[in-house]
Amino acid sequence: MTLTRVEVDGIPALFAERTDGVYSGGILFRVGWADENLAVRGLTHLVQHLVLHDLVGDVHRHSEVTATYTHVHTRGGSPEQVARMLNGLCEALRDPPVGRLEVTKEALRAEERGPDGAGRVAALLRYGAHDHGLAAFPEVGLPEIGPGLVQVWVGEAFTTGNAMLWFTGDRMPENLQLTLPEGSRQPVPAASKPRANTPAWSVVDGSDLVHVTAVVPPSPAAAIFADVLNGALHHDLRERDAVSYSAGATYTVRDPASAVIAVTADCLPEQRGAVIGGVVDTLARLRWGAVSADELTEITSAAATAVDEQSEDVDTIVPRAVSSLLGLTFPEPHRLAAEYRAVTAADVQRVAEAFHRSAIAQVPEVGLGWAGWHAAHLGSGEVVDGVALTGRDGHHERLVVGDRGVSVTTADAVSTVLYDDVAVLESFADGGRHLVGTDGVQVHLEPTLWEVDDAALARVDGAVDLARVVRHPARNPDDLPLPPEPVDEEDGESAGSRSRWRRLTGR
Amino acid sequence: MSASMPPVQTDLAEVFPDLMTIRARAQGGDLPGALAEVRARATGLAEDAITVTELVAESEGIDDDLAAHLRAHADDRLARTLDAHRTILSAGSAADPAASTRADSAAGLARAEQTLIRLCAEDPTDRYAWYLRLVTARGLGLGWSESRRRYRRLAAVDPHHAPAQRQILRSLQPRWGGSWEAAFGFAREVSATAAEGSVEGALVVTAHLDRWLAEDGGAQNDYLVQPGVLAELEEASDRLLAVPPPSTYAWVQPHTEIAVLLGVAGRRVRAGQHFSALGPALAEGPWAAAARYQEDLQTMRSSVLAEGRRR
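Residues numbered from 1 in each chain as written. Chains lettered and ligands numbered in written order. Predicted model: local features only at pLDDT ≥ 70, side-chain atom pairs only at ≥ 80, totals over all residues. Heavy atoms only, no water.

**Q** Is there a simple way to explain the overall build of chain A in this structure?
**A** Scanning chain A for helices and strands turns up 13 helices and 20 strands. The C-alpha atoms of chain A give a radius of gyration of 25 Å, which matches the 23 Å a tight globule of 507 residues would have. Taking the principal axes of its C-alpha atoms as reference, chain A extends roughly 75 × 60 × 30 Å. In chain A, buried positions account for 53% of the 507 residues. Sequence-distant contacts in chain A: of pairs separated by 6 or more residues, those separated by 24 or more amount to 75%. Within the structure as shown, chain A displays about 21,900 Å² of accessible surface, and the carbon and sulfur contribution to it stands at 51%. Side-chain charges in chain A split into 42 positive and 72 negative, and the spacing between the mean points of these groups amounts to 3 Å. (Helix = DSSP H or I, 4+ residues; strand = E, 2+ residues; numbered from the N terminus. Rg over C-alpha atoms; globule rule 2.2 N^0.38 Å. Buried < 20%, exposed > 50% of the residue type's maximum accessible area, 1.4 Å probe, protein only. Contact = heavy atoms within 4.5 Å. Areas by Shrake-Rupley, 256 points an atom, 1.4 Å probe, with all protein chains shown as cover. Lys, Arg positive; Asp, Glu negative; His and termini not counted. Charge placed at Lys NZ, Arg CZ, Asp CG, Glu CD.)

**Q** Is there a simple way to explain the side chain of A:Thr416 in this structure?
**A** Residue and element names in this part refer to chain A. Looking at where Thr416 falls in the secondary structure, it is placed in strand 16 (residues 414–418). With a relative accessible area of 11%, Thr416 lands in the buried category. A polar contact is formed between the side chain of Thr416 and the backbone oxygen of Glu382, at a distance of 2.4 Å. Polar contacts involving the side chain of Thr416 include one to the side chain of Ser407, which spans 2.7 Å. (Polar contact = N/O pair within 3.5 Å; in protein donor to acceptor, adjacent residues only side chain to side chain.)

**Q** Which parts of the structure should I look at to understand the pattern of salt bridges?
**A** By the definition in use, this model includes 51 salt bridges over all chains. Across the salt bridge formed by A:Arg272 and A:Asp208, the nearest N and O atoms sit 2.6 Å from each other. Of this pair, A:Arg272 sits in helix 7 (residues 272–288) while A:Asp208 sits in the loop between strand 7 (200–203) and strand 8 (209–216), and the two are 64 residues apart along the sequence. Note on A:Asp208: relative accessible area 17%, which makes it buried. Close ionic contact of A:Asp281 with B:Arg133 constitutes a salt bridge, the shortest N to O distance being 3.0 Å. Placement of the pair is A:Asp281 in helix 7 and B:Arg133 in helix 8 (residues 127–139), with the two residues belonging to separate chains. Here A:Asp281 and B:Arg133 have matching classes, each one buried. (Salt bridge = Lys/Arg side-chain N within 4 Å of Asp/Glu carboxyl O.)

**Q** Any chance you could explain the nonpolar core here in plain terms?
**A** Soluble, globular proteins show a tendency: their nonpolar side chains are buried together. Residues A:Leu229, A:Phe355 and B:Phe275 are the most contacted members of the largest nonpolar core, which totals 145 residues. No other element matches the ten residues that helix 6 (residues 220–240) of chain A contributes to this core. In this structure, A:Leu229 is in contact with A:Ala249, A:Ile261, A:Val263, A:Thr282, A:Leu283, A:Leu286 and A:Phe355, ignoring residues within four places of it in sequence. Within the second largest apolar cluster, 47 residues are counted, among which are A:Ala67, A:Leu134, A:Val401 and A:Tyr419. (Core = buried A, V, L, I, M, F, W, Y, C linked by side-chain atoms within 4.5 Å.)

**Q** I'm lost on the pairing of strand 15 (residues 405–409) of chain A in this one. Help?
**A** Side-chain direction in a regular strand flips from residue to residue, so the side chains alternate between the two faces of the sheet. Residues and elements named next belong to chain A. The element strand 15 is extensively covered by neighbouring structure, given that four of its five residues are classed as buried. When strand 14 (residues 398–402) meets strand 15, the two strands line up antiparallel, connected through four bridges. Bridge assignment links Leu399 to a residue of strand 15, and that residue is Val408. Following strand 14, the chain reverses through two residues before pairing antiparallel with strand 15. Examined bridge by bridge, strand 15 and strand 16 share five bridges and lie antiparallel to one another. Along strand 16, the bridge assignment pairs Val408 with Ser415. Between strand 15 and strand 16, which pair antiparallel one after the other, the connecting turn spans four residues. (Pairing = 2+ DSSP bridges.)

This is the structure we're talking about:
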């Protein structure tokens, strides 16, 4: 494959020649949802939809917003079609069609499926309501995003210096007009320090899933470890123990310092205990057991062969462009293949230790205290001084509205959000106030649950930075929360876990 | 109980001289020597191997020596497993679901479990470590599916691990969230495929003993004299007596269980055959369980043991 570095209207570009008659091309911007804050969550996605509106008829067009980049590209088509799409996109970025803002928001709300359930709890426990922790939240910021904010975001992130182009075909497209505002390459959002004391666990009721993530330095050994783990989980849990239908691990390089290894193992409700135990034992086997030379050689050879085959693959131009944009080194396939082949059992074992030290697990029951992991908690457990509001109809949770923040206390936990530390305050015209702290703790003031008076609302509204407030119209009265029915003693535990889940996820 | 009653020996070390030697070494400052004796018996029948390790694990006053040994030999797998075993035993009384010190017990069991996770990861064929993980799984409330997963891992190494089968039998009982139907289903399945004379062949007897104690507290014999129950006890008795016991030490348990249950049920001749085989030895658990019937059972014992002396 012949790869050429060029520049178009000041934007760096990669061109890979191919002679099979296929033309493709795309533009990447170093901005994604992890660059947002919770009060504007959804902004990048909104900009993407807004500027693509005039190109909806283009059947070859694809686009995505990830944590760290936005990508618009074509697959198939002709050089003219590639040029038309990119020219149209840049034209829209030079003058965003903000008149379509409200219609576009409606479209996004209809599209929203919510963030990926499996990764949500881990993201929140690891990072709180910041950067990569925003994976735990829906696009709550949309209502407050106005034309001014769109202009600011486009001006900062969708610029010549913050973009990267790529093309494949027998020639570069002609007549490209890709002038964008001047700007510089934005640094990749630094993941905040993990909040949970790892390895940590959290019980998510009714999920019938074990999900474990860890963040380790990217390396060939870490990639091979993930392959070994993937094979080991499949063998141990599905083939040998028959306790899970789908068990495996994935490896994703997120930024120059971090690769995310994610374990998923599903189960039937009656196999929950066994699937938890099975995952613990497979992880232990990779830390302390022997990975056989044959097993390792098979995996390193397969990985090496796979990357060797990529050396002539023009489609690797996309990961090459993404790597360049994010400041990652795209490993040359032949060199990477050699590095994979050189990974030893001791290397794999070292990554297994690093995985364990960083792991955050979501389990369907029991927890992992028995295996020596720490129970994950959000927040400090501190209760603010202030006025305790009276619960309605015997609602037991204690709500305190103070000068520094608000706290809700239940039998098993305290949730406190300080006004100075609010990531978002969702304010409903019916009097409801949902506060999320930057640490991820949530407190919901609901007039249907407590006797929330005007003084309490005024105290909260006056104390939170307006830039963190998202206003909503009144909700349908049928959708408002009601005090829980009294629970039987026997059901007390599961009700407690449910409220814990609600606190973790805000739903 | 009259003075002429035959002595009862529930301490296996008093019954088997080599076990006394092992205990004496463990308690007399020669823990490595005791461990060597245990190791020499580790590859035999699981029920004998577990009997020996339990004897050492239950020996009083060995903690300092064991800690010193582990400091010097951190890689001694047997010593590490023994340490986990002792931790389980000290958490054991509190492992009862009704115990007030449940949190302390869980912490002890979790400490032991973490040692055992590593031992099983290092060597997945370690019968002793997997066996102990059946005890921790139940005590820590990890659920029936996890107990079964662990048992299958162990059964892949040793499908006739009688002590593990007893643990599974317990896990399947109503007290731990199971049912008598499930418990007996498992016991009958194991017994049906067991060798004659073997400990595992008498698992169905253990199931009847447990059910009798759970439902009646050992007060009446109504449960045991039911024809179906008696028939199963007698069949187990036939099989246990059919050949000389293959186990060296562990046969004391099934013989005591059958002798006690058949004796309480009024099958005096049958019970006598088992008391005769036992001599002075008795397994403490089933013997103590039939406390209300002990005078009667002692009468049966004294008659068959006197007959034995006459020959």
